[in-house]
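Residue-level structural notes
Read off the chains here:
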Amino acid sequence: MATRKRRPAAANAPSRAFFEELHAKGHQPMLEKASGTLRFDLVGGPQVEHWYLTIAHGNAVVSQRKSRADVVVTVDGRLLDRIVTGTANAMAAFLRGAMRVEGDFALLIAFQRLFGGPPETCATRTTDEADHSERTPR
């Protein structure tokens, strides 16, 4: 029976792209009222991958150092890939115990607004469709 190899933590392409883009943009208007440090520890590979963010009134600097942070998030790299692409929800992952958070939870709540939203589906209706739907009289 063949065993399935784990992919290395560094192969978390969506997560890596998310953090690199965050660093390249620098300023994040949605975080203008936030300041602090966050560290994401991505587990599930042969070694833990660290992403360290310093946010000062919307200005974000990203590195891969392992330093003390105001909030530390420990999460499987594959799950974080799904969170940053919008196919999984960070709050739901936390509530079901798939993501561990230590420290300033309010800072993480502010930061999670940068994660991708859910992808559009055929089941998603536009405002016009909702306005023209059948309504039951009251």
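That block above? That's the structure.
Described below are features of the structure shown in this document. Every value quoted in this text rests on a predicted model; they were computed, and no experiment measured them.

Buried residues dominate strand S1 (residues 35–43), accounting for seven of its nine residues. Pairing between S1 and strand S2 (residues 49–56): eight bridges, direction antiparallel. Its bridge partner being in S2, Leu-38 is matched across the sheet by Leu-53. A loop of five residues connects S1 with S2, the two strands running antiparallel in sequence, and Gly-44 in this loop sits at a positive phi of about 110°. Note that S1 and strand S4 (residues 71–76) share six bridges and pair parallel. The partner of Asp-41 across the bridge, within S4, is Thr-74.

With respect to the secondary-structure elements, Leu-79 resides in helix H2 (residues 77–85). In the structure, Leu-79 is positioned 14 residues away from Ala-93 in sequence and 8.4 Å away in space, judged by C-alpha atoms. Those residues in contact with Leu-79 that sit more than four places away from it in its chain are Ala-88, Ala-93, Arg-96 and Ala-98.

Moving on to the packing of helix H1 (residues 13–25) against H2. Between H1 and H2, the least distance of the axes is 7 Å, while the angle of their chain directions is 55°. In terms of orientation, H1 lies oblique with respect to H2. When the axes of H1 and H2 are compared, the crossing they make is left-handed. Only Gly-77, Leu-80, Asp-81, Val-84 and Thr-85 of H2 make contact with H1, whose side of the interface consists of Ala-13, Pro-14, Ser-15, Phe-18 and Phe-19. Of the residues that constitute the contact of H1 with H2, the class distribution is six nonpolar, three polar and one charged.

Let's shift gears to the side chain of Arg-39. If you trace the backbone, Arg-39 turns up in strand S1. Looking at Arg-39, the relative accessible area reads 11%, which means it is buried. A polar contact of 2.8 Å, which involves the side chain of Arg-39, links it to the backbone oxygen of Ser-67. If we ignore the near neighbours within four places in the chain, the residues touching Arg-39 are His-50, Trp-51, Tyr-52, Arg-65, Lys-66, Ser-67, Arg-68, Ala-69, Val-71, Val-72 and Val-73.

In this section: H1. Helix length check: H1, at 13 residues, gives a terminal C-alpha distance of 18 Å against a target of 18 Å (1.5 Å per residue), a fit within 8%. Those residues of H1 that fall on the buried side of the exposure criterion are Ser-15, Phe-18, Phe-19 and Leu-22. All buried residues of H1 lie within an arc of 90° about the axis, which places them on one face of the element. The elements touched by buried residues of H1 are S1, S2, strand S3 (59–63), H2 and helix H4 (105–111).

Calculation rules
- Residues numbered from 1 in each chain as written.
- Predicted model: local features only at pLDDT ≥ 70, side-chain atom pairs only at ≥ 80, totals over all residues.
- Heavy atoms only, no water.
- Buried < 20%, exposed > 50% of the residue type's maximum accessible area, 1.4 Å probe, protein only.
- Helix = DSSP H or I, 4+ residues; strand = E, 2+ residues; numbered from the N terminus.
- Pairing = 2+ DSSP bridges.
- Contact = heavy atoms within 4.5 Å.
- Axes fitted to C-alpha atoms, helices over the stretch in contact; angles between N-to-C directions.
- Parallel < 35°, antiparallel > 145°, perpendicular 65-115°, else oblique.
- Left-handed = near helix turned anticlockwise from the far one by under 90°.
- Nonpolar A, V, L, I, M, F, W, Y, C, P; charged D, E, K, R; others polar.
- Polar contact = N/O pair within 3.5 Å; in protein donor to acceptor, adjacent residues only side chain to side chain.
- Expected span 1.5 Å × (residues − 1).
- Arc of directions from axis to C-beta.

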